[in-house]
There are 2 protein chains.
Amino acid sequence: MFQSFAQPPIGKKLLGDRFARFAKALKDDDLDGYIIPHADAHQSEYLPPDQERLSYLTGFTGSAGWAIVMGDQGHLFVDGRYTEQAAQQIDPDNFSTVDVMATAPAKWLKTNLKPGQRIGYHAFYMTVSQVRKFEQACNSAGAELVSCPVDPVDQIWQEDGRPLPAKGRIVLQDDAFAGESAADKLLRLSQRLKEENVDSALLTLTDSIAWTFNIRGNDVAHNPVALAFALLKKHGKPLLWVDGEKLSNSVRDSLSNIVDIEEISNFEASLTRIASAGPTILIDADSCADAVRIALETGGATLIERQDPVIGMKATKNSVELEGMRRAHLRDGAAMVKFLCWLDSQAAGSLTEIDAARQLEDIRRETALADNSQLQEISFDTISAAGENAALPHYRVMEHHNAVIADKSLYLVDSGGQYQDGTTDITRTIAIGSVDAERKQRFTQVLRGHIAIATARFPSGTSGAQLDTLARLPLWLAGCDFAHGTGHGVGVYLNVHEGPARISKAGHVPLEAGMILSNEPGYYKFGHFGIRLENLVIVEEPHPIEGGDAPMMGFETITFCPFDLRAVDVDGLSVQELTWLNDYHHDVFEKLVHTDLLTQEETAWLSRATAPVIL
Amino acid sequence: MFQSFAQPPIGKKLLGDRFARFAKALKDDDLDGYIIPHADAHQSEYLPPDQERLSYLTGFTGSAGWAIVMGDQGHLFVDGRYTEQAAQQIDPDNFSTVDVMATAPAKWLKTNLKPGQRIGYHAFYMTVSQVRKFEQACNSAGAELVSCPVDPVDQIWQEDGRPLPAKGRIVLQDDAFAGESAADKLLRLSQRLKEENVDSALLTLTDSIAWTFNIRGNDVAHNPVALAFALLKKHGKPLLWVDGEKLSNSVRDSLSNIVDIEEISNFEASLTRIASAGPTILIDADSCADAVRIALETGGATLIERQDPVIGMKATKNSVELEGMRRAHLRDGAAMVKFLCWLDSQAAGSLTEIDAARQLEDIRRETALADNSQLQEISFDTISAAGENAALPHYRVMEHHNAVIADKSLYLVDSGGQYQDGTTDITRTIAIGSVDAERKQRFTQVLRGHIAIATARFPSGTSGAQLDTLARLPLWLAGCDFAHGTGHGVGVYLNVHEGPARISKAGHVPLEAGMILSNEPGYYKFGHFGIRLENLVIVEEPHPIEGGDAPMMGFETITFCPFDLRAVDVDGLSVQELTWLNDYHHDVFEKLVHTDLLTQEETAWLSRATAPVIL
C-alpha cells in the first residue's frame, strides 16, 4: 500500500524537551524569535521526512502551516480544516494556535513585534517573495529579520534522530512517454532565455527539473520527482545539482550527454562561483529559495525576476503526453468501475472508509498490471469519506477515526494513480442505499456545474477565472456555493497539482491548448454530507462551430467513469444537460468495454450504470 | 434638440496654417516633439469646445485619440472604429494615423525617440499615471519629457478664435433627489479621511464634485457636471474652485454654508499655498492632473495616492436615489414604448436614422413634461443605427451618412435621458418587417445572455468579471462573441458611465448593494447587422433563497420596455428563460400602464408587444 492509515508517531509525549532545547538555541543565537515554515528548499507540496521541521517541533502533522516562536512561546498558524487536529497534537504549554486565514504570519509579526527585536529565518526554506513580505512586516514594527546560517530546528533535530535525507532512485522518463527529448526541450529553453535576454535561469522546482531532463524521482510521497536544482544556460550545457547516490551508472551516463552533474551539497558554493562571472540570471521569486537569491546577488550576478520558464512549457502537453494521459485514464476508469461494481456488491454498512481505500488501491495496482502498466504511486492520499466526513473537502481517513460507510448516505471518493504514461485524479460521490431529496438536489446542482464546464466553448485568451462561475451558477441560484477552486492543472506522470492555469476566480492565466485541468465542483454541508464530481479535461485548440464567426476553444473530458444516476434528480437537468450525461455514459461504456479489463460481471454492472436516462 | 446631426465645422480647408504655426511654436520652445491628448484638466468624457485641442490641431473629431507631433510630422493615434473617419479628417501632409491598439503613444515614443530629444506635454491635460508611463518611455529612449507651462496648441489657438470657456449655470440638486445633504456627505468624507490617515483629499473629477456638493452643472454635453476642483478636509470647511460667474447669488449663498468658494483661475496658486503648510493629501493618480501633483509636491505637501474616496461612495446609491432612478425609468420606458409604437406605425423604408432619433428625443421631452418632469439632457448622443450601421457598436448618425431604416432589417437604438431624478440608458433592437433566421438566432443568443445576467444570484464579494461570462456563453457556444464589456456603472442624474464597478472581464471590483449597472450584451456582424439588448439593473443586498445556505446578491431590473418578440426564436429559449421573458413583459405592461402616460393606441400596442409567449 502506498497509503498509510496509521497515525504518525507524533504526540505530546514524544515531543519531549525539544521545545525547551529550541528556545535555548534561539537565546544562544541572540534571537528574539524564529519563523518555521512547512517547506523545503524546493517548496515541495509533500515534504521528505527530514524536512518536516514544523511537525518535529510542534507535533502538528497537517499539510500546511507556519510556526513563529517568540522566546519561550510558540504560535502555530493553521487554517480552519486543521484547527481541531492542531489542538490535539500540540503541547499547549508551548504552543497556541492562530487562524492563518484571519491573521497571516507576516501580519501577526507586524502587530506583535517590538522595536529592536531580531527574528530569525532560514533562507533555504522561504521564497524570495515570502522573505520580502516578512521583511516589510518586521521593518514596519522596527524589528529585524535575520537570515540564519544554520536552522535551529535542524540543529536540535540532529541530536534527536533526524531521518536521513531522501535517497530515491532517479529513472529516465522514456521519450516514448515524454514525447520530446530532453535535448530538444533544452534547445527550446535556450531559445527562450535568448528571448528573455538572460544568460541563464535557475530552477528550484522539482517538477520543472523532472520535466526538463525527462527524469523521475522518488524522494517525496505521490509526486514522482527528485530533489534537485538546475541552471539552464543560453549557451552551453546546463547544470544539475543532485545527490549522486540517486543515479545508477546508466542514468548518469545518459544524463551526462545533456547536462553537467554536480553534487547537491556543493550547491551554494557553486552559486557563488557562477555568480562571480557577473551573469544575468532569471529566478522565480515566488518559488525560488531566498538563499539562492542571496548567494547569487552577493556573488555578483544580476537577477531578473520572472516566472520559471519551464512552468508554461510543461503545462501545454505535447501529443504523446496527451495520448499517454488518455490511455492512463481508460485504465484508471476501468479500475474505478471495478471498484464501484465491488462497492455496490457489498452490503450497506459493512465497509469502513479504510476498507474502501485499500480495495481501490489494490484494484488500481492489479488493473495496471493487467494492462501491462504499473501503478507507480497514488496521485495523493485517497480521500475516502463517508457521510459527514465528506463535508471536509480535504478529509483524510486514519485508523483512529475510520467511519463506516452507512446506508442512506453519500460516500465521496477522490483518488488518482501515477502511471508512467499519465497521472489521474477523479472524484465520484456514490449513493449508498437510497438518498433523500436534499442530497439528490445538491448532487444534481453540482453535476450541472460540472457539465457547464465540460461543454463550455470560449475564445482564445479566456482564463479559468472567466469560466469558474459556470461551475457555481446552479448552486448560487439555490443559495449555495463551494469554498474551493473549480479546477487545478495536472502534470503527466508528475505533480497532480501544477500551475500556471487553474479554474478559479483568481486564475487569470489564459487557458492554452494542451493544458490539462480538473473539473471538480462540489458542495459541502458541514456535519451532514459532501459532494464532489471530478473529471480531468484537456484544453482543446480553437476549432470552428458551424455557423459561427470564430473558432472556439473547449474541453475534452478524458476521465471515463459513470456518475451515480441514483443520486441524480433527473427533473433538475435541462434537455441539453441530460443529453450530455447520456452521451458521456455511452462513451464511458464503449471505451471501458474496449479496454478488455472488465469481467463479465463488471461489464453488466457498467451497462446498468450507464444506461441512458429517458426524460 | 440636444443632439446635432450636422458635421462639425472642421475639414482640411479650415485647418489653414495652424499646423505650421504649431510646428514653429515647438521649435521656438526648443522642443523636438509634443504630446496632445484628448482631455481636459478633469479627464472629462465629453470635452467643452475650448478644450478640443486634438480636433483643433488635427481636424479629427472622434471621441478618443492622441497626437504626437515630432518636428513637422504629426502622428494621430486612433482605434479601429475611427480609422476611416480620421483618414478623411486629417491633412495627410501633416499627419499620419497610427493604430492605438497595436501601438500606444508611450510605446511609440519608446521606439521612435532619439537620445537627447525633448518631448513636451501640458501637465494639466495628463494624469499622474499617464505622465509616469510617458516619462518611462522617454527615459528608456534617452529622451526627456518636459512639462510646458503654456500649451503650444492653446497658444496658437488664441490667435485663431478659440471658443470661450464653458459658463454653464450651476444648480443645486435638491436633497429630495439626492437623498443625503451635502453636509452629511462631507461628514462621512471627513470620517473617511480620518480612516485613510490624510489631512485632505484633492478632487478633480467633476462627477465626484457634483455628487459631494449636491450640485449639477452645464459645462459639457450630456454629463450634468460643472468644471471645478475641490479639496476635502479631515477638519474644517472644504474648498471648491469654480468660475464664480456660474453661481447665482442663491446658489452661492447656499454653497457657502458648507464650502469655501475660490476662483478656479487661482487654482494652481492656491495649491502652492495649501501645500506650504506641509499637509498629507490624497490624490488619485489615475485621474488627477499631473499639474496638481507638481504644484502640491513642489509646494511641500506629502501625497498619498489612492482612489478618489467619492467614487466608491457615489456608486452605492441611497434609497432616495434608487427610488428616483426607478421613477425615471418608468417615465423613460413609457417614452420608449411611445417611440416603438410610432415606429411600428410607419411604413418600412419611410424613415431615416435621423428621423427616428429626432422623434425619440421629442417623445422623451414631451413624456417628461407630461410626467411633471423635464428632459434636462440626453444621456449621450442617440445611437440610431439601421442595418449594417448597427454593426458599429459606437455608430453615430450624421446628416452626410444617414441611412434609411429598411424593410427586412434590424434597427438598433441605444439612448437615454437625463432627468432630475435619474439617468437612463436603454438599447432595443427592432425587427423592421420580417427578419431572417440568422438574425433571429443571434438576437435570441444575445437575449439569453441578457437574461442570464438579469437572473443571476451570487455571493457577496463577487465581481463583475465573475459574471461577464454568463452574458457571453450562449454566443460562445455558437462560435460568436461581442467586443465590448457587458455593463458599466451609471450615475443618478450624473454621468451615464461611472466607476468603479463594471461587468467585464477586467471588472475586478466587488459588486455592492445599491450600485447601478447596465446589462447590455450584443452581437455585431460587420457589414451586415448589429444587436444589443440593454436594461439597467440595481445590485441587490444579499437575500435568502429558500432552502439555501447563504443569502445571495442579485439584480433588480429597472428598465421597463418590451424586447421585440418578432426577432426571437422561441425554440432557442429554455423554459426558465421564456418564463423570465413572459414575467418581465407582464411587469412592463403593468408598470407602464400605471404611469398614465400612454394613449389608448399605445396601450393596445404594448398589450400586443408584451403578450405572453406560449411554448
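Residues numbered from 1 in each chain as written. Chains lettered and ligands numbered in written order. Predicted model: local features only at pLDDT ≥ 70, side-chain atom pairs only at ≥ 80, totals over all residues. Heavy atoms only, no water.

**Things to note about the overall build of chain A**
Phase 1: What chain A contains, in helices and strands, is 20 helices and 28 strands.
Phase 2: At 25 Å, chain A has a C-alpha radius of gyration in line with the 25 Å of a compact globule built from 615 residues.
Phase 3: If you line up chain A on its principal axes, its C-alpha atoms span 75 × 55 × 45 Å.
Phase 4: In chain A, buried positions account for 60% of the 615 residues.
Phase 5: In chain A, the proportion of contacts linking residues at least 24 apart, taken out of those at least 6 apart, comes to 71%.
Phase 6: Just so you have it, chain A exposes about 23,700 Å², and 50% of that area is on carbon and sulfur atoms.
Phase 7: A gap of 2 Å separates the mean positions of the 55 positive and 84 negative side-chain charges of chain A. (Helix = DSSP H or I, 4+ residues; strand = E, 2+ residues; numbered from the N terminus. Rg over C-alpha atoms; globule rule 2.2 N^0.38 Å. Buried < 20%, exposed > 50% of the residue type's maximum accessible area, 1.4 Å probe, protein only. Contact = heavy atoms within 4.5 Å. Areas by Shrake-Rupley, 256 points an atom, 1.4 Å probe, with all protein chains shown as cover. Lys, Arg positive; Asp, Glu negative; His and termini not counted. Charge placed at Lys NZ, Arg CZ, Asp CG, Glu CD.)

**Brief notes about the domain arrangement of chain A**
All names here are of chain A.
Phase 1: Assigned domains within chain A: domain 1 (12-159), domain 2 (171-310) and domain 3 (316-609).
Phase 2: Between the C-alpha centres of domain 2 and domain 3 there is a distance of 34 Å.
Phase 3: Opposite the 19 residues of domain 2 that make contact, domain 3 presents 19 residues.
Phase 4: Buried surface at the junction of domain 2 and domain 3, both sides included, amounts to about 1,400 Å², of which 48% is carbon and sulfur.
Phase 5: Inspection of the region where domain 2 meets domain 3 yields eight residue pairs in polar contact (both at pLDDT 80 or more).
Phase 6: When residues of the side of domain 2 that touches domain 3 are assigned to their parent elements, the largest contribution, four residues, is made by helix 8 (residues 175-178).
Phase 7: Residue classes in the side of domain 2 that touches domain 3 are distributed as nine nonpolar, five polar and five charged. (Domains from an automatic or database assignment. Buried area = accessible area lost by both parts, 1.4 Å probe. Polar contact = N/O pair within 3.5 Å; in protein donor to acceptor, adjacent residues only side chain to side chain. Nonpolar A, V, L, I, M, F, W, Y, C, P; charged D, E, K, R; others polar.)

**Focus: the sheet that holds strand 13 (residues 280-283) of chain A**
Residues and elements named next belong to chain A.
Phase 1: With respect to topology, six strands assemble into an open sheet ordered 12-11-10-8-13-14, the strand pairing being mixed. Looking at which strands have only one partner, the edges of the open sheet turn out to be strand 12 (260-263) and strand 14 (302-305). On average, adjacent strands in this sheet sit at an angle of 25 degrees to one another, irrespective of strand direction.
Phase 2: Judged from the three bridges that link them, strand 10 (residues 229-233) and strand 11 (residues 239-242) form a sheet pairing that is antiparallel. Note on strand 11: the bridge partner recorded for A230 is L240. (Pairing = 2+ DSSP bridges. Axes fitted to C-alpha atoms, helices over the stretch in contact; angles between N-to-C directions.)

**Here we look at the environment of V78 of chain B**
All names here are of chain B.
Phase 1: Note on placement: V78 falls in strand 3 (residues 73-78).
Phase 2: As a C-alpha pair, V78 and T97 span 19 residues in sequence and 7.0 Å in three-dimensional space.
Phase 3: Setting aside residues no more than four positions away along its own chain, V78 makes contact with F60, A64, T83, A86, V98, D99 and V100.

**Examining the relation of the copies chain A and chain B**
Phase 1: Once chain A has been moved 0.1 Å along the axis and rotated by 180 degrees, it coincides with chain B to within an RMSD of 0.1 Å. The superposition operator between the copies reduces to a two-fold rotation axis. No C-alpha of chain A approaches the rotation axis more nearly than that of Q466 of chain A, which lies at 3.1 Å.
Phase 2: The overlap is high: 100% of the interface residues of chain A also sit at the interface in chain B, so the same surface is used on both sides. (Least-squares fit on C-alpha atoms with pLDDT ≥ 70 in both.)

**As for helix 2 (residues 18-28) of chain A**
Residues and elements named next belong to chain A.
Phase 1: Burial in helix 2 covers these residues: R18, F19, F22, A23, A25 and L26. In a view along the axis of helix 2, the buried residues occupy a sector of 155 degrees, so they form one face of it. Facing away from the buried side of helix 2, by more than 90 degrees, are the exposed residues K24, K27 and D28.
Phase 2: Looking at the residues trailing helix 2, positive phi occurs at D30, about 60 degrees. (Arc of directions from axis to C-beta.)

**Looking at helix 10 (residues 206-213) of chain A**
Residues and elements named next belong to chain A.
Phase 1: Taking burial as the measure, the eight residues of helix 10 include eight buried ones, the bulk of the element.
Phase 2: Taken residue by residue, helix 10 has T206, D207, S208, I209, A210, W211, T212 and F213 as its buried positions.
Phase 3: Within two residues after helix 10, N214 carries a phi angle of roughly 50 degrees, on the positive side.

**Describing the interface of chain A and chain B**
Phase 1: The interface is formed by 27 residues belonging to chain A together with 27 residues belonging to chain B.
Phase 2: Roughly 2,200 Å² of surface becomes buried between chain A and chain B when both sides are summed, with 58% attributable to carbon and sulfur atoms.
Phase 3: Three residues, Q466, W476 and D549 of chain A, lead the burial of chain A against chain B; their summed loss comes to 26% of the area buried on that side.
Phase 4: Inspection of the region where chain A meets chain B yields zero salt bridges. (Salt bridge = Lys/Arg side-chain N within 4 Å of Asp/Glu carboxyl O.)

**What about the packing of helix 17 (residues 437-454) of chain B against helix 19 (residues 575-593) of chain B?**
All names here are of chain B.
Phase 1: It is at 10 Å that the axes of helix 17 and helix 19 come closest, and there the two elements cross at 80 degrees. What the angle tells us is that helix 17 and helix 19 run roughly perpendicular. For the pair helix 17 and helix 19, contact is made by L447, R448, H450, I451 and A454 and by E577, W580 and L581, respectively.
Phase 2: Partitioned by chemical class, the residues of the contact of helix 17 with helix 19 number five nonpolar, one polar and two charged. (Parallel < 35°, antiparallel > 145°, perpendicular 65-115°, else oblique.)

**Let's talk about the sheet that holds strand 16 (residues 383-386) of chain A**
Residue and element names in this part refer to chain A.
Phase 1: Taken in spatial order, the three strands of this open sheet run 16-17-20, and their pairing is antiparallel. Pairing within the sheet leaves two strands with one partner each, and these edge strands are strand 16 and strand 20 (426-432). In this sheet, neighbouring strand axes are inclined to one another by 10 degrees on average, regardless of whether the strands run parallel or antiparallel.
Phase 2: Judged from the seven bridges that link them, strand 17 (residues 409-415) and strand 20 form a sheet pairing that is antiparallel. Residue pairing across strands places Y411 opposite I430, the latter belonging to strand 20.
Phase 3: Helix-sheet contacts for helix 15 (residues 319-345) involve strand 17 and strand 20, and the interaxial angle to strand 20 is about 15 degrees.

**Some thoughts on the environment of G422 of chain A**
Residue and element names in this part refer to chain A.
Phase 1: Within the fold, G422 resides in strand 19 (residues 422-423).
Phase 2: A relative accessible area of 0% means that G422 is categorised as buried.
Phase 3: Discounting chain neighbours no more than four positions away, the residues touching G422 are M325, A328, G417, V492 and Y493.

**A short note on the packing of helix 19 of chain B against helix 20 (residues 600-609) of chain B**
Residue and element names in this part refer to chain B.
Phase 1: One can describe the packing of helix 19 onto helix 20 by two numbers: an axis separation of 9 Å at closest approach and a directional angle of 165 degrees. In terms of their interaxial angle, helix 19 and helix 20 are classed as roughly antiparallel. Relative to helix 20, the crossing made by helix 19 is left-handed. Contact residues: H585, V588, F589, L592 and V593 in helix 19; T603, L606, S607 and A609 in helix 20.
Phase 2: Here the contact of helix 19 with helix 20 is built from residues that sort into six nonpolar, three polar and no charged. (Left-handed = near helix turned anticlockwise from the far one by under 90°.)

**What about the side chain of T204 of chain B?**
All names here are of chain B.
Phase 1: For T204, the location among the structural elements is in the loop between strand 8 (200-203) and helix 10 (206-213).
Phase 2: On the basis of relative accessibility, which here comes to 3%, the residue T204 falls in the buried class.
Phase 3: Excluding residues within four positions of it along the chain, T204 makes contact with A41, H42, I209, A228, F229, S287, C288 and V292.

**Here we look at the pairing of strand 14 (residues 302-305) of chain B**
Residue and element names in this part refer to chain B.
Phase 1: With four bridges joining them, strand 13 (residues 280-283) and strand 14 adopt parallel strand pairing. Residue pairing for strand 14: T280 is matched across the bridge by T302.
Phase 2: After leaving strand 13, the chain enters helix 13 (residues 290-299) and then returns to the sheet as strand 14, a path that is right-handed. (Right-handed = clockwise from strand over helix to strand, strands pointing away.)

**With respect to the pattern of salt bridges**
Phase 1: Tallied over the entire structure, the rule returns 86 salt bridges over all chains.
Phase 2: Here E196 of chain A makes a salt bridge to R306 of chain A, at a shortest N to O gap of 2.4 Å. Taken together, the positions of E196 of chain A in helix 9 (residues 182-196) and R306 of chain A in the loop between strand 14 and helix 14 (309-315) put the pair 110 residues apart, joining distant regions of the chain.
Phase 3: By relative accessible area, which is 15% here, E196 of chain A ends up buried.
Phase 4: Classification of R306 of chain A by relative accessible area gives partly exposed; the value is 34%.
Phase 5: The partner of D290 of chain B in a salt bridge is R293 of chain B, with the nearest N and O atoms 2.7 Å apart. Within this pair, D290 of chain B and its partner R293 of chain B are both found in helix 13, separated by three residues, close to a single helical turn. No difference in accessibility class separates D290 of chain B from R293 of chain B, as the two residues are buried.
Phase 6: Residues joined in a network through salt bridges with shared partners are D17, R18, R21, E159 and D160 of chain A.

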